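The residues making up each chain are set out below.
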Amino acid sequence: MSKPIKGSCCCGEITYAAKASQPLWYCHCQQCRKMTGHHMAAAQVKLDDIEVNGEAKWYYVSDSSRHGFCANCGSQMFWRNDN
């Protein structure tokens, strides 16, 4: 993985290093606005291209869509569609 994008939650309990496979996108749907308090900005990453240290807590917002967040500080970290 060359030049990974690195980040963490506010408290540092969850960290990640990822290679973005798609450009940054923004979502203004009602679900994203409720989860973040604003629009959401994200980059799509293949599961093989991300290394996560720490464990996110997952919350299903629909039958196949879930958000991952830090159980300690509440930082929104990930979104995943099970399909």
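Every residue gets a number counted from 1 within its own chain, in the order that chain's sequence is written. Local features in a predicted model are, by the rule used here, given only for residues with pLDDT of at least 70; side-chain atom pairs are given and counted only at 80 or more, and totals for whole chains, interfaces and linings are based on all residues. As a rule here, side-chain values cover all heavy atoms of the structure and leave hydrogens and water aside.

A. A look at the confidence of the model for the protein. On a range of 0 to 100, pLDDT expresses the predictor's confidence in each residue. Taken as a whole, the protein shows an average pLDDT of 89; of its residues, 95% reach a score of 70 or greater. Element-level mean pLDDT values for the protein span from 85 in helix α1 (residues 30-36) up to 96 in strand β6 (residues 57-60). Helix numbering and strand numbering both begin at the N terminus, where a helix is a DSSP run of H or I of at least 4 residues and a strand a DSSP run of E of at least 2.

B. Representation of the pattern of salt bridges in the model. Only one rule defines a salt bridge in this text: a Lys or Arg side-chain nitrogen within 4 Å of an Asp or Glu carboxyl oxygen. Under the defined criterion, the tally for this structure stands at one salt bridge. Measuring nitrogen to oxygen at the nearest pair gives 3.0 Å for the salt bridge that ties Arg66 to Asp82. Taken together, the positions of Arg66 in strand β7 (residues 65-69) and Asp82 in the segment after β8 (76-81) put the pair 16 residues apart, joining distant regions of the chain. For each residue, the accessible area found with a 1.4 Å probe, counting protein chains only, is set against the maximum for its type, and the residue is called buried under 20%, exposed over 50%, and partly exposed in between. Arg66 gets classed as buried once you look at its relative accessible area, which sits at 15%.

C. Expanded view of the sheet that holds strand β5 (residues 50-53). Ordered by their spatial adjacency, three strands build an open sheet running β1-β2-β5, and the pairing between neighbours is antiparallel. One side of each edge strand has no neighbouring strand; the edge strands of this open sheet are β1 (5-8) and β5. Here the average twist between neighbouring strands, direction ignored, is 10 degrees. DSSP bridges decide pairing: two strands pair if at least two such bridges lie between them. Pairing between β1 and strand β2 (residues 15-18): four bridges, direction antiparallel. Considered in β2, the bridge of Lys6 is made with Ala17. Axis definition: a line fitted to C-alpha atoms, limited for helices to the stretch in contact. Angles are taken between N-to-C directions and run from 0 to 180 degrees.

D. Region of the structure containing the nonpolar core. Side-chain atoms within 4.5 Å link the members of a nonpolar core, which is a set of buried Ala, Val, Leu, Ile, Met, Phe, Trp, Tyr and Cys residues. Formed by Cys9, Ile14, Ala56, Cys70, Met77 and Phe78, the largest nonpolar core amounts to six residues. With sequence-adjacent residues up to four places away left out, Cys9 is seen in contact with Ile14, Cys70, Cys73, Ser75 and Met77. Residue contacts follow a heavy-atom distance rule, with two residues in contact if any of their heavy atoms lie within 4.5 Å.

E. Structural view of the packing of aromatic side chains. Only Phe, Tyr and Trp rings take part, Trp by its six-membered ring, and two of them pair if their centres are within 6.5 Å. Stacked means planes under 30 degrees apart, edge-to-face means over 60, and tilted covers everything else. One pass over the structure, following the stated rule, counts two aromatic pairs. With centroids separated by 6.2 Å and ring planes inclined at 70 degrees, the aromatic side chains of Tyr16 and Phe78 adopt a geometry described as edge-to-face. With Tyr16 in strand β2 and Phe78 in strand β8, this residue pair connects regions lying 62 residues apart in the sequence. A residue is classified by how much of its surface remains accessible, and Phe78, at 14% relative accessible area, is buried. In this scheme, the term charge over a ring applies when either NZ of a lysine or CZ of an arginine sits within 6 Å of the ring centre and within 35 degrees of the ring normal. Cation over ring: Arg66 sits above Trp58, and NZ or CZ is 4.8 Å from the ring centre.

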